[in-house]
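Chain by chain, the residues:
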Amino acid sequence: MNDDVSPRSFGHTLDDAGFAQIRDLVYQHFGIVLSEQKRGLVVGRLQRVLRDRGLTNFRDYIDLLLADKNGSLLAELANRMSTNHTHFWREPAHFLVFRESVLPWVQQVSPQRDLRLWCAAAATGEEPWTLAMIQRQFFAENYRHWQAGLVATDISEPALCIAEKGVYDNDRVQPLPQDLRALGMETMGGGRWRIRDEMRKDVMYRRFNLMAEKLPFKHPFHCIFIRNVMIYFDQDTRRRLIARLVNSLLPGGWLFVGHSESLGRDDANLEYVSPAVYRRKSESQ
Ligand SMILES: C[S@@+](CC[C@H](N)C(=O)[O-])C[C@H]1O[C@@H](n2cnc3c(N)ncnc32)[C@H](O)[C@@H]1O
C-alpha cells in the first residue's frame, strides 16, 4: 500500500494526540509499531471505518475504541492496520529446506506418524497451502497414514477468509512450480485457480493474535513458519515472541522466519541452520 497519503487527504483529520492514541492501541494490542511516517497510511486505511460507522471525526472513533467492550472495534482495527502482502513461492529456499530436511527429520522422529506444523502469519493462504502441497507430494501414497496438514493463523479476518476460500488469479499462481500446482490446484476457467477439494481439510485456519501471552496449543510443534510478520514488531516484542515460539517447538524443531528478520546466531536456545532457518537445541546441547 502506498504510504504517501496525507493525514488530510480524505476529509477526516487526525491530530497528534489522536495519532498517538491509535498508535499506542495498535502497539499494545497487536505489537505493530506505527512510526510517524505511517500517519498518512493510518488515516487512509481508517477513512472507510469512520464512514461505515457514520462518524464525522477521529475523536469519536477513538472514544469508541477506548470503550470497546467486546473487542469488535479492535478486531476491525487489526484488520485495517495489518499488511497482508504475500505471494506463492515467496523466499523459495525455505520450501526446499522444508521438503529436503524438515520432512525427512519428522519421518525419523515421529514413529506415530504425527506431523505438527504451524504457519503463524498465514495472510491470504499462499504460504500454508504450499506447505500442505509439499507434504502431500513428499509422503505420496503414505500421506493417508499420517496425521499431517497444518494449522495456519493470522490476526486479519478478511485475509483468513480469502485463505479459506483458496481461489487465486492466474498471475498469483504462476510462481508456484508446475508439479505442486497440478497436485494442489485446479483451474476454474476465467483465469482463476482453486485449491482442490481433497486438500481443503489439510489446513485449519484460525484467527490468533501473536501477542497472546499463552499459545493455545497443547502439543509442541515439529516446525513453525513465522515469516515476514516480525518486521512490524520492535526488538522487545520479537524477543518475547521468539521465546514463546521456542518453548512450543520440540527439541530439534525448526523455526523459519523472513529473510529480513534474522535472529542473530547467539540465541542460547536456537541453532542457526541457514539464512532465516533455525532449530531448537536439544536439552543436551
Ligand atoms: C506480510 S504478511 C506475511 C505473510 C506470509 N507469512 C509471507 O511471508 O508471505 C504479515 C501477516 O502478519 C499478520 N499479523 C500482523 N500482526 C499480527 C499479530 N499481532 N498476530 C497475528 N498476525 C499478525 C498480518 O495480518 C499479515 O497477514
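Look up a bit, the structure's there.
Cut-offs and rules
- Residues numbered from 1 in each chain as written.
- Predicted model: local features only at pLDDT ≥ 70, side-chain atom pairs only at ≥ 80, totals over all residues.
- Heavy atoms only, no water.
- Pairing = 2+ DSSP bridges.
- Helix = DSSP H or I, 4+ residues; strand = E, 2+ residues; numbered from the N terminus.
- Axes fitted to C-alpha atoms, helices over the stretch in contact; angles between N-to-C directions.
- Near = heavy atom within 4 Å.
- Polar contact = N/O pair within 3.5 Å; in protein donor to acceptor, adjacent residues only side chain to side chain.
- Contact = heavy atoms within 4.5 Å.
- Expected span 1.5 Å × (residues − 1).
- Buried < 20%, exposed > 50% of the residue type's maximum accessible area, 1.4 Å probe, protein only.
- Arc of directions from axis to C-beta.
- Phe/Tyr/Trp six-rings, centres within 6.5 Å; stacked < 30°, edge-to-face > 60°.
- Lys NZ or Arg CZ within 6 Å of the ring centre and 35° of its normal.

Draft legend 1. Fine view of the sheet that holds strand β3 (residues 167–169). Overall, antiparallel pairing links the three strands, which are arranged β3-β5-β4 in an open sheet. Each edge of the open sheet is held by one strand with a lone partner, namely β3 and β4 (185–189). The average undirected angle you get between the axes of adjacent strands in this sheet is 35°. Here three bridges tie β3 to strand β5 (residues 192–195), and the two strands are oriented antiparallel to one another. For aspartate 169, the partnering residue across the bridge sits in β5 and is arginine 192.

Draft legend 2. Summary view of the site of the ligand. Surrounding the ligand, one finds 22 residues, the nearest of these being Thr86, Arg90, Ala121, Glu127 and Asp154. Contacts to the ligand include serine 82, whose side-chain N or O atom sits 3.4 Å from an oxygen atom. A distance of 3.0 Å separates a nitrogen atom of the ligand from a polar side-chain atom of asparagine 209.

Draft legend 3. Quick peek at the environment of arginine 192. Note that arginine 192 resides in strand β5. Distance from arginine 192 to histidine 87, taken between C-alpha atoms, is 15 Å for residues 105 residues apart in sequence. If sequence neighbours within four positions are ignored, arginine 192 has contacts with Val167, Tyr168, Asp169, Asn170, Glu186 and Thr187.

Draft legend 4. The arrangement of the sheet that holds strand β7 (residues 221–226) in detail. Taken in spatial order, the seven strands of this open sheet run β6-β2-β1-β7-β8-β10-β9, and their pairing is mixed. The outermost strands of the open sheet, each flanked by one partner alone, are β6 (203–207) and β9 (270–274). With strand direction ignored, the average angle separating the axes of adjacent strands in the sheet is 20°. Relative to strand β10 (residues 277–280), strand β8 (residues 249–257) runs antiparallel, the two sharing three bridges. By the bridge assignment for β10, leucine 255 is matched with tyrosine 278.

Draft legend 5. The pairing of β9, seen in detail. Direction of pairing for β9 relative to β10: antiparallel, over a ladder of four bridges. Residue pairing in the sheet places leucine 270 in a bridge with arginine 280 of β10. Connecting β9 to the next strand, β10, in antiparallel fashion are two residues, including alanine 276 with a positive phi near 65°.

Draft legend 6. Quick peek at helix α1 (residues 16–30). With 15 residues, α1 extends 21 Å from end C-alpha to end C-alpha; this agrees with the ideal 21 Å at 1.5 Å per step. Of the positions making up α1, those classed as buried are Gly18, Phe19, Ile22, Leu25, Val26 and Phe30. The buried residues of α1 occupy an angular sector of 130° when the element is viewed end-on, so they sit on one face. Of the exposed residues in α1, those oriented more than 90 degrees away from the buried face are Asp16 and Gln28. On the buried face of α1, the contacting elements are α2 (39–52), α3 (58–66) and α4 (72–81). Immediately downstream of α1, the backbone of glycine 31 shows phi near 75°, a positive value.

Draft legend 7. Representation of the packing of aromatic side chains in the model. Taken as a whole and judged by the stated rule, the model has 16 aromatic pairs. Each ring, one from phenylalanine 225 and one from phenylalanine 256, has its centre 4.2 Å from the other, and the planes form 10°; the classification is stacked. Taken together, the residues span a long stretch of sequence, with phenylalanine 225 in strand β7 and phenylalanine 256 in strand β8 at a distance of 31 residues. Of the residues examined, phenylalanine 225 reaches a relative accessible area of 0% and is grouped as buried. Residue phenylalanine 256 is classed as buried on the basis of its relative accessible area of 0%. Through a chain of ring-to-ring contacts, three or more aromatic side chains come together here, namely Trp89, Phe95, Phe98, Phe225, Trp254 and Phe256. Sitting above the plane of the phenylalanine 221 ring, arginine 116 keeps its charged end 4.8 Å from the centroid. Between arginine 279 and the ring centre of tryptophan 105, over which it is positioned, the NZ or CZ distance is 5.0 Å.

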